[in-house]
Amino acid sequence: MSHRLWSLPWVALLACQLFLAQSVSADVTYTIDRDIGYWGDDAPDDYAEERCRLDVYRPEGGEAFPTVIWFHAGGLTAGERFIPGELRKSGMAIVAADYRLNPKAEAPAYLEDAAAATAWVLDNIEALGGDPDRVYITGASAGGYLATMVGLDDRWLAAHDKSPSDLAGIISLSGQMITHFTVRKEQGVTGTQPVIDDMSPLFHVKPDAPTLVLITGDRDVELFGRYEENAYMWRMMQVVGHKDTTIYELDGFNHGQMTQPALFLMRRLVLEDGEQ
């Protein structure tokens, strides 16, 4: 991938879905390892012990498969982990992780949890048959924000003796690139006041980041400003010399609608990346 900005009409996305549907291997069996506490004995509080769990959906007996770490949407205040149907039976593993939510938790707990879940995958996926060099951190909306922050800001993975360089890529589905609105609310900042501080992915643009893919809905029907802040992220990664940032705008899809076609696009990108 290179510095590209794509606007994808729905017909192209439909063709992508049909191609991937035909490429599913019917002779592979998949299993799910459920309810794994990714903090282990180091859970920072009782809420983390209860909430910070993940499920691993993977090919049985598979070898060196890619893995997608999936953080759900919900504005950092709601949502539950799930295995997206669009990514199933594709030859890859999907790790769906929950994280602590506001108001029971506040920043930086969300990022600490996302980093702990990511570190768990990096430590354990090879024993489950995965390729530790093909781990992608991903998510939608709030999950995309978490994925991008953990994949760009070294401090979160450093707490687990890991680095963003351990990741094959970051794929954000309509994630906030400025400071998340829930974090801003915790700071007493109104939702209409944009902030770029150290809790913002845009604060951490750098040339040596992993491959970065940004996917948003149509700028005219997305959440207000969501496409534009992602486009600015794309531009600033070019300015600092990053060699592998791509942005896709999904024509005609709003914030809620864009997840399904974006997941098919994600699946194609991960599988194609492994073939190069």
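Right, let's walk through the structure included here. (Residues numbered from 1 in each chain as written. Predicted model: local features only at pLDDT ≥ 70, side-chain atom pairs only at ≥ 80, totals over all residues. Heavy atoms only, no water.)

### Topic: the environment of R51
Stated precisely, the cut-off is as follows: Secondary structure elements follow DSSP: runs of H or I of four or more residues count as helices, runs of E of two or more count as strands, with numbering from the N terminus. In what follows, residue pairs with any heavy atoms lying within 4.5 Å of each other are defined as contacts. Any pair of N or O atoms that falls within 3.5 Å is considered a polar contact. Within protein, one atom must be able to donate a hydrogen and the other to accept it, and sequence-neighbouring residues count only if both atoms are side-chain atoms.
Residue placement: R51 occurs in helix α2 (residues 46-51). For the pair R51 and A97, spaced 46 residues apart in sequence, the C-alpha separation works out to 9.4 Å. Not counting the four nearest positions on each side in its chain, R51 is found in contact with H72, G79, E80, D98, Y99, R100 and L101. Only 2.6 Å separates the side chain of R51 from the backbone oxygen of G79, close enough to count as a polar contact.

### Re the environment of A142
The criterion, for reference: In this scheme, a residue with accessible area under 20% of its type's maximum is buried, one over 50% is exposed, and one in between is partly exposed, where area comes from a 1.4 Å probe on protein chains only.
With respect to the helices and strands, the residue A142 is situated in helix α4 (residues 142-152). Residue A142 is classed as buried on the basis of its relative accessible area, which comes to 0%. Sequence-wise, A142 and T77 are 65 residues apart; in three dimensions their C-alpha atoms are separated by 9.2 Å. Beyond its immediate chain neighbours, meaning those up to four positions away, A142 contacts H72, A73, G74, G75, L76, Y99 and H180.

### A short note on the environment of V183
Position of V183 relative to the elements: it lies in helix α6 (residues 181-186). With a relative accessible area of 2%, V183 lands in the buried category. Considering only alpha carbons, one finds V183 and S200, 17 residues apart in sequence, at a separation of 9.6 Å. Setting aside anything within four residues of it in sequence, one finds V183 in contact with L76, A107, Y110, Y145 and M199.

### Details of the pattern of salt bridges
What counts is decided by this rule: Note on definitions: salt bridges are taken to be side-chain nitrogens of Lys or Arg within 4 Å of carboxyl oxygens of Asp or Glu.
Under the criterion given, the structure shown has 17 salt bridges. For the salt bridge of R100 with E112, the shortest nitrogen-to-oxygen distance reads 3.6 Å. Of this pair, R100 sits in the loop between β5 (93-97) and α3 (109-124) while E112 sits in helix α3, placing them twelve residues apart in sequence. Residue classification places R100 among the buried positions, given a relative accessible area of 4%. With relative accessibility at 31%, the residue E112 sits in the partly exposed group.

### Some remarks on the packing of aromatic side chains
Aromatic ring pairs: the centre-centre distance and the angle between the two ring planes describe each pair. To be explicit about the condition: In summary, the pairing rule links any two rings of Phe, Tyr or Trp, Trp by its six-membered ring, whose centres are within 6.5 Å, and it sorts them by plane angle into stacked for under 30 degrees, edge-to-face for over 60 and tilted for everything else.
Applying the stated criterion across every chain yields a total of three aromatic pairs. Consider the rings of Y30 and Y57, whose centres lie 5.1 Å apart with planes at 5°: the pair is stacked. Linking Y30 in strand β2 (residues 30-37) with Y57 in strand β3 (residues 53-59), this pair joins segments that are 27 residues apart in sequence. Y57 carries the same exposure label as Y30, and that label is buried. On the basis of an interplanar angle of 65° and a centroid distance of 6.3 Å, the ring pair of F71 and Y99 is categorised as edge-to-face. A residue pair is termed long-range when its members are at least 10 positions apart, and F71 in strand β4 (residues 65-71) and Y99 in the loop between β5 and α3 qualify at 28 residues. Of the two residues, F71 and Y99, both sit in the buried class.

### Looking at the pairing of β5
Using the following cut-off: A pair of strands counts as paired when DSSP detects no fewer than two bridges linking them.
Of all five residues making up β5, five are buried, and the element is well covered by its neighbours. A two-sided burial pattern is seen for β5, the buried positions comprising A93, V95 and A97 on one face and I94 and A96 on the other. The pairing of β3 with β5 spans four bridges and is classified as antiparallel. Pairing of L54 across the sheet is with A97, part of β5. The pairing of β4 with β5 spans five bridges and is classified as parallel. For T67, the partnering residue across the bridge sits in β5 and is A93.

### Here's the deal with the side chain of S90
As for its placement among the helices and strands, S90 is situated in the loop between β4 and β5. Residue S90 is classed as buried on the basis of its relative accessible area, which comes to 12%. A distance of 2.7 Å separates the side chain of S90 from the backbone oxygen of L87, its partner in a polar contact. When neighbours within four sequence positions are excluded, S90 is seen to be in contact with Y30, R267 and L271.

### Side note on the side chain of S200
Relative to the helices and strands, S200 resides in the loop between α6 and β8 (211-217). In this structure the side chain of S200 is engaged in a polar contact, spanning 3.1 Å, whose partner is the backbone nitrogen of L202.

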